[in-house]
Amino acid sequence: MSKSCPELLREAANLIEEALSRSPTAPAAQSQQIPAAQSRTPVQAEVARLFAPYNIGARRNMTRRPAQVQVSRRSYTHTVCCLADHNADKIPSVLVKAELLTSGLGEQKVTFSGNDHDPMVITNKLIEVFPKLQQGGGFELLKLVGSTRSRNLALLQCPSTGYTLAYLKDPSTMIGQATIYIRPLQQDLPLDCESSRPASGPVIPCITCQMEVPFSEMKLHRLSCNGTPMEEREQEGGQREENDSETALVSDSVPVRSETSAESAVVPAVIVNEELDRKETDSEWKIIEEPTQAAKVFKENLLREHATGKPLRMKMDVRESEEDRERELLLFYKQQQEWACPLHCTLVGDLAIGEGVMRYFMTTIISKLQFGFSLDLGGMGRTLLFEGEPDHLVPAASEALIESNLFRVAGRMLAHTFLHDGPHVTGLSPAVIHVLFNGDPEMATVVIEDCPDLHIRSIIELLEHEELTPEQKATVSDLSMSWDLPAVTKTNRRWLHNKLLLHAVVGRTMRQIKQLRKGLKDVMVWPLLTSRPDVVPLLFPKMAEMQFTPQMLLEKITWPVEDSDDEDFDLDTTCRITGFLRMFIETASSGTLAQLLTFWVGWEMLPPELTVVISEGTLPTSSTCFETLKLPAHFKIYMDFEKALVAAIKSTGFGLV
């Protein structure tokens, strides 16, 4: 009868124990003695086959080599940037880096190898990579300090032995993966292209002048290429030689100095520098102290950069209903476009042309954002994108508006009107503005007036009382627990008040604020607003700052004079009509003055000059392109004049454009 598996294993173990007991006990002999294969019994051979993997592992463990002493790395790879200015303390711009690179300097990834404590390892390698560095009389190493947006460089103090790999690898230097900047010690390095690296790549013909240029030099050639074909250049060269020879024959007494090759080689470099200087002026707005002027320069640069782009064409049919005109506006701003390209506005069904049409569009856009759309987009009748008290407006907490991405559309509208010097939405909450421009929500200054929901506001105001009734505690706790906050207690009353108010104003509007931010970025004004925080109040002014006073308008008005080229009216008529207008302005409210200004120039923005002329007609009219108000001369008493002017500005809201 065959034996079972456990019995076979037990028998095999016994045989192994007997074999081990008969073998010598010395470890060295035991490790060297290997029984011959032919002396094994069949059972031993089978056991050896079954347990072979375990025996190999054991032998591996027994013959494991002792751990070798780790040899320190003697190579060090890092990104370095060699500067030309020996007084440089700022990170070079992209254009300057390109110029450095063409001169054999600039940014390179360098691998150092050798003794970690030998300073010549670094010196020799840097001179090998940047041969011009020998002319600097030594060098210094610098690194970036401050935040990621900082451009300031700080000196790495040179040890007594000089810069070594061990010093650069030392964690106390806090270099990490940051770029190391190399600055010449005693004098500037030359920025010529003579000692730059040899041209590489295939030869490619220039599409403008057909000149064959190496691949690596094509970018530099394009900066200096004047667009003249090679054949014309040869002809011009021949004509120039003829002219030179003729000049030499005309007068031998006057020496004619021909242009040398060295001088002609300087010309492209001068052109490159001029091009670099012109591009550097695009950042001039960053250093202009006055925020209004800085914004003006930024917007002019942005519009000039996209002046050749595909024009934006905005149309509105004045014969359609107000809801249809609003749909056209929303459809236009929902499209993905280059918003800094030239803008062409057309009023279909109206003879109006010129700059006044664009002012009318911008005024309409801001009016819809400020006071709401007639379209019923949220099931609440009139659609308000911003709600609340003046100077405390916050984005509306409507899921329908958020899902429709309308706040991104609103951001585009705000930035687009700002780009074209149009009017602004006034009275936005400072807390919303703070969060909109990447401010910490927890650090936002929120006041109770910022909460547009009067029911929620009344509940939060209960926490201002020292004692709460059980009913009041239940009401507050219901609201706080619905917003994942704890119930009110005597100890957390003040803390809960701040948390509820912060969530009511900021927490419920975070998605709307993110959409507004995307809209501002779409129109490419975001760099200005984030780099120059003092420009933000120009985009989101307070309501009080937009109040018009009679003196503000009267200071801008240019009154008719006797020697003007207008229609002939006697002095009494001119004085009477202009006196009526002055009386109207001095007694009108701020809202009426805003309507008059819109009728006069097309929007609620004071121009540098307002013109008044006396004309024939029944009702007052205006030419918004020329910012001119035309007043009929037939009025004899002030009441008739006032009634006609109010009817004109309220019935149309917009004069002749």
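Residues numbered from 1 in each chain as written. Predicted model: local features only at pLDDT ≥ 70, side-chain atom pairs only at ≥ 80, totals over all residues. Heavy atoms only, no water.

The name recorded for the chain in an unreviewed UniProt entry is HECT domain-containing protein, from Gasterosteus aculeatus aculeatus.

Colleague: Would you explain the overall build of the chain in this entry?
Modeller: On a plain count of helices and strands, the chain comes out with 26 helices and 15 strands. A total of 657 residues make up the chain; the buried ones form 38% of that total. Counting every atom, the chain has about 38,500 Å² of accessible surface; 54% of that belongs to carbon and sulfur. (Helix = DSSP H or I, 4+ residues; strand = E, 2+ residues; numbered from the N terminus. Buried < 20%, exposed > 50% of the residue type's maximum accessible area, 1.4 Å probe, protein only. Areas by Shrake-Rupley, 256 points an atom, 1.4 Å probe, with all protein chains shown as cover.)

Colleague: Explanation requested: the sheet that holds strand β5 (residues 180-184) in the structure shown.
Modeller: Paired through backbone hydrogen bonds, the strands of a sheet run either parallel or antiparallel to each other. The 5 strands are arranged β2-β1-β5-β3-β4 in an open sheet whose pairing can be described as mixed. Edge positions in the sheet fall to β2 (106-113) and β4 (153-155), since each of these pairs with one other strand and no more. In this sheet, neighbouring strand axes are inclined to one another by 40° on average, regardless of whether the strands run parallel or antiparallel. Two elements, strand β1 (residues 75-82) and β5, share 3 bridges in a ladder whose sense is parallel. The partner of C81 across the bridge, within β5, is Y181. Lying over the sheet, helix α5 (residues 94-102) contacts β1, β2 and β5, oriented at roughly 55° with respect to β2. On top of the sheet, helix α6 (residues 119-129) reaches β2, β3 (139-144) and β5; it is set at about 140° to β2, its chief contact. (Pairing = 2+ DSSP bridges. Axes fitted to C-alpha atoms, helices over the stretch in contact; angles between N-to-C directions. Contact = heavy atoms within 4.5 Å.)

Colleague: Quick question: what am I supposed to make of the environment of Q335 here?
Modeller: By secondary structure assignment, the location of Q335 is in the loop between α12 (322-334) and β9 (343-348). Linking Q335 and V409, residues 74 residues apart in sequence, is a C-alpha distance of 9.1 Å.

Colleague: I tried to follow the sheet that holds strand β14 (residues 621-623) on my own but got confused; where do I start?
Modeller: Here we have 4 strands laid out as an open sheet, ordered β12-β13-β15-β14, and mixed in their pairing. Edge positions in the open sheet fall to β12 (557-558) and β14, since each of these has one partner strand only. Sheet topology note: the strand β13 (residues 610-615)/strand β15 (residues 628-632) ladder contains 5 bridges and is parallel. Counterpart to V613 in the pairing with β15 is K630. Where helix α25 (residues 590-601) meets the sheet, it contacts β12, β13, β14 and β15, and its direction lies at approximately 75° from that of β13.

Colleague: It is not clear to me how unusual backbone geometry should be interpreted in this structure. Could you clarify?
Modeller: A positive phi angle, near 65°, is found at D391, a position not held by glycine. Of note, D391 is situated in the loop between β10 (386-387) and β11 (394-395). For N405, which is not glycine, the phi dihedral falls at a positive 60°. Along the chain, N405 turns up in the loop between α14 (399-403) and α15 (406-419).

Colleague: I'm lost on a nonpolar patch on the surface in this one. Help?
Modeller: Taken together, the side chains of L9, L50 and F51 present a nonpolar region at the surface, about 260 Å² in accessible area. Topologically, L9 is positioned in helix α1 (residues 5-22). On the basis of relative accessibility, which here comes to 44%, the residue L9 falls in the partly exposed class. (Patch = residues over 30% accessible without salt bridge, like charges linked within 9 Å, V, L, I, M, F, W, Y side chains within 5 Å. Salt bridge = Lys/Arg side-chain N within 4 Å of Asp/Glu carboxyl O.)

Colleague: Just to check I follow, could you spell out the UniProt feature "active site" (unreviewed entry) in the chain for this structure?
Modeller: The positions UniProt marks with the feature "active site" (unreviewed entry) are C625. Mapped onto the fold, C625 is located in the loop between β14 and β15. (UniProt positions renumbered as here; feature names shortened; annotations may be inferred.)

Colleague: Explain helix α11 (residues 291-305) to me, please; I cannot follow it from the model alone.
Modeller: Since there are 3.6 residues in each turn of an α-helix, residues three or four apart along the chain are aligned in direction. Between its first and last C-alpha atoms α11 spans 21 Å; for 15 residues at 1.5 Å apiece the expected length is 21 Å, and the two agree. Residues P291, A294, A295, V297, F298, K299, N301 and L302 constitute the buried set of α11. Buried residues along α11 sit against α15, α21 (526-531) and α22 (536-539). (Expected span 1.5 Å × (residues − 1).)

Colleague: Looking at this structure, I do not really get the pattern of salt bridges. What am I missing?
Modeller: Side chains carrying opposite charge are able to pair once their charged atoms draw close together. Scanning the model with the defined rule gives 17 salt bridges in all. Note that R408 and D522 form a salt bridge whose closest N and O atoms lie 2.8 Å from each other. Note that R408 is positioned in helix α15 and D522 in helix α20 (residues 510-522), a separation of 114 residues in sequence. Its relative accessible area of 22% is what places R408 among the partly exposed residues. Of the charged contacts in the structure, one is a salt bridge between R532 and D534, with a shortest N-O distance of 2.9 Å. Since its relative accessible area comes to 7%, R532 is described here as buried. A relative accessible area of 32% places D534 in the partly exposed class. Where salt bridges share partners, they join E322, E326 and K368 into one cluster.

Colleague: Would you mind showing me how to read the pairing of β9 here?
Modeller: In summary, the side chains of a regular strand alternate between the two faces of the sheet. Side-chain alternation along β9 places L343, C345 and L347 on a buried face and H344, T346 and V348 on a face that remains uncovered. Bridge analysis of strand β8 (residues 312-317) against β9 gives 6 bridges, and the strand direction is parallel. Looking across to β9, one finds that M314 is bridged to C345. Since β8 and β9 lie parallel, the crossover through α12 that links them has a hand, and here it is right-handed. (Right-handed = clockwise from strand over helix to strand, strands pointing away.)

Colleague: Got a minute to help me understand the pairing of β13 in this structure?
Modeller: Summarising burial for β13: 5 of the 6 residues are buried, a large majority. The pairing of β12 with β13 spans 2 bridges and is classified as parallel. What sits directly across from I557, in β13, is L610.

Colleague: Quick question: what am I supposed to make of the side chain of H392 here?
Modeller: Mapped onto the elements, H392 comes out in the loop between β10 and β11. Owing to a relative accessible area of 18%, H392 belongs among the buried residues under this scheme. What H392 contacts, discounting residues up to four positions off in sequence, is E387, G427, S429, V447, E449 and D450.

Colleague: Even after reading the chapter, I still don't get the packing of aromatic side chains, so can you show me in this structure?
Modeller: By convention here, two paired aromatic rings are described through the distance between centres and the angle between planes. Per the counting criterion, the structure on display carries 13 aromatic pairs. Aromatic side chains Y163 and Y167 sit 6.1 Å apart centroid to centroid with 50° between the ring planes, which places their arrangement in the tilted category. Here Y333 and W339 contribute two aromatic rings whose centre-to-centre distance is 5.2 Å and whose plane-to-plane angle is 10°, an arrangement assigned as stacked. On the basis of relative accessible area, Y333 is assigned to the buried category, the value being 0%. Through a chain of ring-to-ring contacts, three or more aromatic side chains come together here, namely F580, F635, Y638 and F641. Note that K299 overlies the ring of F418, its terminal NZ or CZ placed 4.3 Å from the centroid. (Phe/Tyr/Trp six-rings, centres within 6.5 Å; stacked < 30°, edge-to-face > 60°. Lys NZ or Arg CZ within 6 Å of the ring centre and 35° of its normal.)

Colleague: Help me understand the nonpolar core, please; the structure alone is not making it clear to me.
Modeller: Within soluble globular proteins, side chains that are nonpolar tend to cluster in buried spots. If you look at the biggest cluster of nonpolar residues, it comprises 88 residues, and the most contacted ones within it are M314, L369, L385, F437, L500 and F540. No other element matches the 9 residues that α15 contributes to this core. Those residues in contact with F437, other than ones at most four positions away along the chain, are L520, W526, L529, V536 and F540. Within the second largest apolar cluster, 31 residues are counted, among which are Y76, V80, C82 and Y167. (Core = buried A, V, L, I, M, F, W, Y, C linked by side-chain atoms within 4.5 Å.)

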